[in-house]
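The primary structure of each chain is shown beneath.
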Amino acid sequence: QGKGLFATKNIRKGETVFVERPVVSSQFLWNALYNYRACDHCLRALETAEENAQRLLGKSSLVLPHPEQCSIRKDLHQQCPRCQVTYCSAECRQAALEQYHQVLCLGPSRDDPTHPLNKLQEAWRNMHYPPETSSIMLMARMVATVRQAKDKEWWIKAFSQFCSKTANEEEEIVHKLLGDKFKGQLELLRLLFTEALYDEHLSRWFTPEGFRSLFALVGTNGQGIGTSSLSQWVHACDALDLPMLQREELDAFIDQLYKDIEKESGEFLNCEGSGLYVLQSCCNHSCIPNAETSFPENNFLLHLTALEDIEAGEEICISYLDCCQRERSRHSRNKILRENYLFTCSCPKCLAQADDPDVTSDEEEEGEGETDDAELEDEMTDV
């Protein structure tokens with residue numbers, strides 16, 4: 001788990017505990033294939049709310065009411081002049097350039113399949129199916145950040161704050177992606193990673209054990225980031241002061257829009273990525289959390305919000321599981337936590353269910369007949 005984070009004052013339900021910027025972040029490699037468009041630095045959605053809805057519906061004729069409630073400023077968007085990576089603003093382009101992009105810019109080689117970075121990314125895509133919950137490029141940006149930095153030791157120390165254990169030896173738990181059946185894939189990734197990014201200051205990250213630790217760091221600390229201009233537009237519309245009839249019409253339109261999107265796209269799809277957050281990574285897990293993370297500013301700024309009143313001195317806990325996973329049995333929840341985060345949960349909910357039978361939830365029982373290949377694909381998807 002994390003190091004633990006405790007309230008220094010009384011916090012009321014709904015209050016923002018903190019807002020945090022990531023040390024490093026990256027959008028998923030699959031975004032481009034799904035026509036997601038997000039700023040390559042801050043992950044702000046680049047398409048307007050109307051374009052977002054049109055894409056998800058497959059309906060280019062859709063017109064959204066109250067377009068002024070969309071905050072996307074396309075006139076501010078900029079591209080890297082060498083590799084055409086797109087940013088939401090000149091500030092983001094400059095920030096990326098100063099932190100890591102000089103090392104990672106592909107320039108005229110962006111479409112060259114033999115370029116070491118392209119080979120690394122293609123190998124990563126071929127190891128699992130979308131969507132992914134982390135990215136090999138998050139690790140690449142860590143290396144690039146250190147390589148570009150004047151004070152390399154400061155950045156190495158910043159990354160060393162994150163847990164990078166490959167196993168919990170006390171409980172004999174090994175991260176599921178570092179077991180024997182993934183050994184060949186990890187070694188291939190390490191060799192490609194080394195070819196593309198090797199740096200003497202970080203030589204230990206490129207050794208077999210160091211690479212495993214780096215992989216574990218991203219796997220256990222990576223926080224998913226979801227941004228959506230449509231979602232932001234909906235929240236802005238909710239805040240509008242409208243006459244009752246107009247309010248009812250707008251609410252009905254939005255309700256139908258979400259139903260149509262679910263029918264067309266399966267479920268609401270954000271632009272997605274992941275990042276490393278120092279404070280958020282300190283938060284321990286609970287299956288009944290008293291705080292939750294969100295990204296209301298449509299970029300990588302993480303807001304931690306209280307789900308209930310938290311007293312000064314009380315521990316602030318989030319859930320490492322999504323809503324559906326939290327509804328599963330204690331045995332199922334702890335299976336996920338042990339494989340991904342190397343601990344067994346002892347939160348009040350798990351303690352209260354300690355005498356329950358050690359059986360998995362129905363969802364997992366249905367999947368027990370899957371082949372090893374299918375299980376491997378599912379597990380690599382969780383990286």
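Residue positions are given per chain, counting from 1 as you read along its sequence in written order. Per-residue local features are limited, in this predicted model, to residues with pLDDT of at least 70; the limit for side-chain atom pairs, both in listing and counting, is 80 or more; totals at the level of whole chains, interfaces and linings are taken over all residues. To obtain the side-chain values, all non-hydrogen atoms of the structure were used and water was disregarded.

Q: Would you mind going over the sheet that holds strand 2 (residues 24-27) in detail, with residue names and values included?
A: Taken in spatial order, the three strands line up as 2-8-7 in an open sheet, and their pairing is antiparallel. The sheet is open, and its two borders are formed by strand 2 and strand 7 (223-227), each paired with just one other strand. Direction aside, the axes of adjacent strands within the sheet are offset by 30° on average. Between any two strands, pairing holds if DSSP finds at least two bridges. Secondary structure elements are taken from DSSP: a helix is a run of H or I of four residues or more, a strand is a run of E of two residues or more, and numbering for both begins at the N terminus. As paired elements, strand 7 and strand 8 (residues 271-276) share five bridges and run antiparallel to each other. If you follow Gly-226 over to strand 8, its bridge partner there is Glu-272. Working convention: axes come from line fits to C-alpha atoms, limited for helices to the stretch in contact. Angles between N-to-C directions cover 0 to 180 degrees.

Q: Account for helix 8 (residues 229-238), naming residues and giving values.
A: Partly exposed residues are those whose accessible area sits between 20% and 50% of the maximum for their type, while under 20% is buried and over 50% is exposed, using a 1.4 Å probe and protein chains only. Among all positions of helix 8, only Ser-229, Leu-230, Gln-232, Trp-233, Val-234 and Cys-237 are buried. Between the side-chain oxygen of the N-cap and the backbone nitrogen of Leu-230 there are 3.3 Å, and the N-cap of helix 8 in question is Ser-228. Nitrogen and oxygen atoms within 3.5 Å of one another constitute a polar contact, given that in protein one can donate a hydrogen and the other can accept it, and given that sequence-neighbouring residues count only through two side-chain atoms.

Q: Describe helix 7 (residues 208-221), and please don't skip the residues or the numbers.
A: End to end, helix 7 covers 20 Å across 14 residues, agreeing with the expected 20 Å (1.5 Å per residue, within 8%). Those residues of helix 7 that fall on the buried side of the exposure criterion are Gly-210, Phe-211, Ser-213, Leu-214, Phe-215, Ala-216, Leu-217, Val-218, Thr-220 and Asn-221. How far a helix is expected to stretch is found by multiplying one less than its residue total by 1.5 Å.

Q: Now, about the pattern of salt bridges: what can you tell me, with residues and values included?
A: The salt bridge definition used is simple: a Lys or Arg side-chain nitrogen within 4 Å of an Asp or Glu carboxyl oxygen. Taken as a whole, this structure holds twelve salt bridges when the rule is applied. We note a salt bridge from Arg-12 to Asp-309, for which the minimum N-O separation is 3.5 Å. Here the residue Arg-12 occupies a position in the segment before strand 1 (16-20), and Asp-309 occupies one in the loop between strand 11 (302-306) and strand 12 (317-318), the gap between them amounting to 297 residues. Of the residues examined, Arg-12 reaches a relative accessible area of 37% and is grouped as partly exposed. What makes Asp-309 partly exposed here is its relative accessible area of 40%.

Q: So, the side chain of Ser-25: which residues are in play, and what are the values?
A: Along the chain, Ser-25 falls in strand 2. For Ser-25, a relative accessible area of 4% corresponds to the buried category. Among the polar contacts listed, one links the side chain of Ser-25 to the backbone oxygen of His-41, at a separation of 3.4 Å. Working rule for contacts: check all heavy atoms of both residues, and any pair within 4.5 Å makes them a contact. Sequence-distant contacts of Ser-25, that is, excluding residues within four places in its chain, are made with His-41, Leu-43, Leu-138, Arg-141, Ile-225, Ser-274, Gly-275 and Phe-300.

Q: An account of the packing of helix 4 (residues 136-148) against helix 6 (residues 183-197) is requested, with residue identities and associated values reported.
A: Packing of helix 4 against helix 6 leaves a shortest axis separation of 11 Å and a crossing angle of 35°. Note that helix 4 runs across helix 6; the crossing there is right-handed. Residues Ile-136, Met-139, Ala-140, Val-143 and Arg-147 of helix 4 form the contact with helix 6, whose participating residues are Leu-189, Phe-193, Ala-196 and Leu-197. Three residue categories are used. Nonpolar comprises Ala, Val, Leu, Ile, Met, Phe, Trp, Tyr, Cys and Pro, charged comprises Asp, Glu, Lys and Arg, and polar comprises the others, including Gly. Considered class by class, the residues forming the contact of helix 4 with helix 6 number eight nonpolar, no polar and one charged. For a crossing to be left-handed, the near helix must be turned anticlockwise from the far one by less than a right angle; the clockwise case is right-handed.

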